[in-house]
Amino acid sequence: MTLMKSFLGAAASLALTAGAALAEPAIIFDLGGKFDKSFNEAGFNGAEKWAKETGGSYLEVELQSEAQREQALRRFAETGANPVITMGFAMSTPISEVAPDYPDTTFVTIDGWSDAPNVLNVAFSEHEGSYLVGMMAATASKSGTVGFIGGMDIPLIRKFACGYAEGVKAVNPDATVIANMTGTTPAAWNDPVKGGELTKAQISQGADIVYAAAGGTGLGVLQTAADEGILSIGVDSNQNHLQPGKVLTSMLKRVDVAVYEAMKAGADIKPGVQVMNLAADGVGYALDEHNAALVSDEMKAAVDAAAAKIISGELVVHDYMSDDSCPVLDF
Amino acid sequence: MDKMPKWADVALIPFLNLLIAFVLSGLVIFAIGENPFKALMTMIDGAFGSTYGWGYTLYYTTNFIFTGLAVSIAFKAAMFNIGGEGQAMIGGLGVGIACLFIPTVLMPHWTIALVFAMIAGAIFGAGWALIPAYLQAKRGSHVVITTIMFNFIATALMGYLLIGPLKLKGAQESASASFPDVTNLPTLHELLAPLGISFSKSAPANVSLFIALAMCVVVYLLMNRSRLGYEIRAFGESPTASVYAGISPTKIIIVAMMLSGAISGLMAINATMGQHERLILNAVEGAGFIGIAVALMGRNHPFGVLLAALLFGFLYQGGSELSLWSKIPRELIVVIQGLVILFTGALDNMVRMPVERMFIAAAKRKDA
């Protein structure tokens, strides 16, 4: 009898939560997991900020495998969650397939792309932010050789690398940029050991600054750089605090802002394209107490001047994805 | 009497195994501060509470029927085929190649596309099992080791193909182009609509389910009503005696492994052709390994495999619902699924031996 009671109680509370779930926003974290200290975590922070400010609640799931993407999308859309926010480029095809089946739901893809009419594509201008940290790297480098370590070898990560290399060359045209990718499978987003090995390899080639755009792999890059006594550059979230005094800066990609704004707009969200560039404060570089000693006033002035030029359109940073090539870097 | 009754073997022991696994899982959930009964209800409701849930449960079940049958055939020949995962992956490659590269004029209807895909999937899966089978039969390299290694090779090969030659140009994701529309298999929604039954439109269960059920019958007839099946079983029971009876071990090892690989490969018509409709990484989602647990729990009998596949379909679908609707972390859901596999598959004897002793003791008392 008691068992039956708790069963019924559980069923009732389940029904209640299911009812309350209506019109809540939902967020789907990609394979890196929501605590990757980088891309996904930025999204998580945005969602938490929204929840704290509004007292609202949201649905969330961390994907376990590639094949779950479509199921997670359908499940949230089916429950009436709106908007359904997805993290990562890999959601492009699943969203394009699922979105037409749920015309009343707005899907948000961060880094992905879909032409469906009820999808908001949030596109970040990572090349602009990377350009700025590239300038800082070239200024701080003594050897004239700087490194880049990417996660999975995809056009998006090459876009980071290309913008970075352009920024480096803008300050020091003779500088050498060494670019390595961790791998060609999604496992490359979460391989800090390999990240560390690549860092050591780049140091042996003379690099004294490394920029990691590699999700969880970047943690190994930052760690190894700190251990070996060189500076590193973090990505997506502000990672300066991970190795205080050893991280030159972090290229901020304000995924948290994008998620926060999408949740705030709620069901009224407008589909289309949202460009998160320097002008929109979508990208930038991090300055806080952990790296204040590393960033000189001249460095900051030069970077801020370049940022102003990019915003005004005077300076155009090459976008690798516009033509799948990079004028200053070979892969 | 030195054996326990049949009903205890096929029903009581799996039930006790499951019970222990669920109690332990419940304790784990309780330990992290969640309500185990609520978790169980979430799983049951998510897997069976709607046609949407059923659609996913049956989709996973279909996968597990194929891989479970595959493992059971190899088991009958006394071989442990751990390579279902790789064989299903490569079977998926075959299905993908058939769907992408056979001109659509040759495939005017999905039924014809399905036949092509089944042939391709079975050949690719069997081919992937052939090398370990040959090495076992001719060189004595243990099939457990080689099939495990072939899983890794399959993953690497798929990774290479989906990043390089088969990748859709301009896309960031490692996946092939979508298959042409004519190759899309009808889902249960489309199949049941003419009968007036409304079934969730978005669930992936498709016509492959019926092919999986037919496969159960085919495997039963093959193993129990055919000469080849008899030879496989005889070899599995006693290799030396079967050699004495004129059965060639080389032939049986290779044929049984290839059959096993072919059925694993057929899984791809459900996952790759029925659900994803393009080649993606990791489309198998561990079904090859679950197949081992399914075969063990189903006592290598096609009907048992069917029931065990349904149970694991429930665990998979219920588990993914649990990760959506509760704060239970995804790692713990894998732990719960792992506990069930551990108790039903690996630790089977832990329950079996005491229960068997109990039955024998009871029988003796009755005799005395």
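Structure shown above.
Now for a description of the structure that goes with this document. Model, not experiment: these values are computed from the prediction.

A look at the overall build of chain A
Point 1. Each helix and strand in chain A was counted, giving eleven helices and twelve strands.
Point 2. Against the globule reference of 20 Å for 331 residues, chain A gives a C-alpha radius of gyration of 21 Å, in line with a compact fold.
Point 3. Per-residue burial over chain A gives 59% buried out of 331 residues.
Point 4. Across chain A, every contact between residues at least 6 apart in sequence was considered, and the portion connecting residues at least 24 apart equals 68%.
Point 5. Of the roughly 12700 Å² of accessible surface on chain A, 54% is carried by carbon and sulfur atoms.
Point 6. Distance between charge centroids for chain A: 4 Å, based on 21 positive and 41 negative side chains.

Thoughts on the overall build of chain B
Point 1. On a plain count of helices and strands, chain B comes out with 15 helices and zero strands.
Point 2. Over its C-alpha atoms chain B spans a radius of gyration of 21 Å, differing by no more than 12% from the 21 Å that the globule rule assigns to 368 residues.
Point 3. Principal-axis analysis of the C-alpha atoms gives chain B an extent of 75 × 60 × 40 Å.
Point 4. Across the 368 residues of chain B, 54% fall into the buried class.
Point 5. Of the contacts made within chain B by residues no fewer than 6 positions apart, 77% connect residues no fewer than 24 positions apart.

Observations regarding the pairing of strand β7 (residues 176-183) of chain A
Residues and elements named next belong to chain A.
Point 1. As paired strands, strand β6 (residues 145-152) and β7 are joined by seven bridges and run parallel to one another. In the sheet register, Thr 145 faces β7, and the bridge partner there is Thr 176.
Point 2. Handedness of the β6-helix α6 (residues 155-171)-β7 crossover: right-handed.

Looking at helix α11 (residues 249-276) of chain B
Residue and element names in this part refer to chain B.
Point 1. Helix length check: α11, at 28 residues, gives a terminal C-alpha distance of 39 Å against a target of 40 Å (1.5 Å per residue), a fit within 8%.
Point 2. Counting buried positions over the 28 residues of α11 gives 22, a clear majority of the element.
Point 3. Taken from the residues just after α11, Glu 277 is the one with a positive phi, measuring 60°.

Let's talk about the packing of aromatic side chains
All names here are of chain B.
Point 1. Inspection of every chain in the model, using the stated rule, returns 17 aromatic pairs over all chains.
Point 2. An angle of 80° between the planes, with centres 5.7 Å apart, marks the rings of Trp 7 and Phe 359 as edge-to-face. Taken as a pair, Trp 7 in helix α1 (residues 6-31) and Phe 359 in helix α15 (residues 348-367) lie far apart in primary sequence, 352 residues in all.
Point 3. The exposure class assigned to Phe 359 is buried, which follows from its relative accessible area of 17%.

Side note on the interface of chain B and chain A
Point 1. Listed as interface residues are 33 residues of chain B and, on the opposing side, 42 residues of chain A.
Point 2. Regarding the contact of chain B and chain A, the summed buried area is about 3400 Å², with carbon and sulfur atoms giving 56% of it.
Point 3. Across the chain B-chain A interface, the total number found is one salt bridge.
Point 4. When the shortest N-O distance is used, the salt bridge between Arg75(A) and Glu321(B) registers 2.6 Å.
Point 5. Mapped onto the side of chain B that touches chain A, the elements with two or more residues apiece are α2 (36-48), α3 (51-76), α11, α13 (302-325) and α14 (330-346) of chain B.
Point 6. Residues belonging to the side of chain B that touches chain A are distributed by class as follows: 13 nonpolar, twelve polar and eight charged.

Describing the nonpolar core
In a soluble, globular protein the nonpolar side chains are often hidden away together inside.
Point 1. Within the largest apolar cluster, 100 residues are counted, with the highest numbers of intra-cluster contacts made by Phe64(B), Phe66(B) and Phe312(B).
Point 2. Considering each element in turn, this core owes the most residues, 13 residues, to α11(B).
Point 3. Judged by nonpolar contacts, the second largest core, of 72 residues, contains Val146(A), Tyr164(A), Trp189(A) and Ile209(A).

Considering the state of the cysteines
All names here are of chain A.
Point 1. The final tally for this structure, using the stated rule, is one disulfide over all chains.
Point 2. The side chain of Cys 162 participates in a disulfide bridge whose partner is Cys 326; the two sulfur atoms lie 2.1 Å from each other. One disulfide, between Cys 162 and Cys 326, carries an S-S torsion of 90° and so falls in the right-handed class. Note that Cys 162 is positioned in helix α6 and Cys 326 in the segment after α11 (320-323), a separation of 164 residues in sequence.
Point 3. You can call Cys 162 buried: its relative accessible area is 0%.
Point 4. On the accessibility criterion, Cys 326 (11% relative accessible area) is buried.

A word on the sheet that holds strand β9 (residues 231-236) of chain A
Residues and elements named next belong to chain A.
Point 1. Strand order across the open sheet formed by six strands is β7-β6-β8-β9-β10-β12, with mixed pairing between neighbours. Of all the strands in the sheet, the pair left with one neighbour each is β7 and β12 (283-285). Geometrically, the sheet is characterised by an average inter-axis angle of 15° between neighbouring strands, direction not taken into account.
Point 2. Relative to strand β8 (residues 209-213), β6 is paired through four bridges, and the arrangement is parallel. Within β8, the residue paired with Ile 149 across the bridge is Ala 212.
Point 3. Packing of α6 onto the sheet brings it into contact with β6, β7, β8, β9 and β10 (247-253), and relative to β6 it is tilted by some 170°.

Observations regarding the environment of Ala226(A)
Residue and element names in this part refer to chain A.
Point 1. Tracing the chain through its elements places Ala 226 in helix α8 (residues 217-227).
Point 2. Along the sequence, Ala 226 and Lys 246 sit 20 residues apart, while their C-alpha atoms lie 5.6 Å from each other.
Point 3. Discounting chain neighbours no more than four positions away, the residues touching Ala 226 are Gln 243 and Lys 246.

Let's talk about unusual backbone geometry
Point 1. With an omega of -5°, the peptide bond between Asn82(A) and Pro83(A) qualifies as cis.
Point 2. Along the chain, Pro83(A) turns up in the loop between α3 (69-79) and β3 (84-87).
Point 3. Although it is not a glycine, Asp236(A) sits at a positive phi angle of roughly 70°.
Point 4. Here Asp236(A) lies in strand β9.
Point 5. Phi at Arg299(B) takes a positive value of approximately 55°, unusual for a residue other than glycine.
Point 6. Mapping Arg299(B) onto the fold places it in the loop between α12 (287-297) and α13.

What counts as what
- Residues numbered from 1 in each chain as written.
- Chains lettered and ligands numbered in written order.
- Predicted model: local features only at pLDDT ≥ 70, side-chain atom pairs only at ≥ 80, totals over all residues.
- Heavy atoms only, no water.
- Helix = DSSP H or I, 4+ residues; strand = E, 2+ residues; numbered from the N terminus.
- Rg over C-alpha atoms; globule rule 2.2 N^0.38 Å.
- Buried < 20%, exposed > 50% of the residue type's maximum accessible area, 1.4 Å probe, protein only.
- Contact = heavy atoms within 4.5 Å.
- Areas by Shrake-Rupley, 256 points an atom, 1.4 Å probe, with all protein chains shown as cover.
- Lys, Arg positive; Asp, Glu negative; His and termini not counted.
- Charge placed at Lys NZ, Arg CZ, Asp CG, Glu CD.
- Pairing = 2+ DSSP bridges.
- Right-handed = clockwise from strand over helix to strand, strands pointing away.
- Expected span 1.5 Å × (residues − 1).
- Phe/Tyr/Trp six-rings, centres within 6.5 Å; stacked < 30°, edge-to-face > 60°.
- Buried area = accessible area lost by both parts, 1.4 Å probe.
- Salt bridge = Lys/Arg side-chain N within 4 Å of Asp/Glu carboxyl O.
- Nonpolar A, V, L, I, M, F, W, Y, C, P; charged D, E, K, R; others polar.
- Core = buried A, V, L, I, M, F, W, Y, C linked by side-chain atoms within 4.5 Å.
- Disulfide = S-S within 2.5 Å.
- Axes fitted to C-alpha atoms, helices over the stretch in contact; angles between N-to-C directions.

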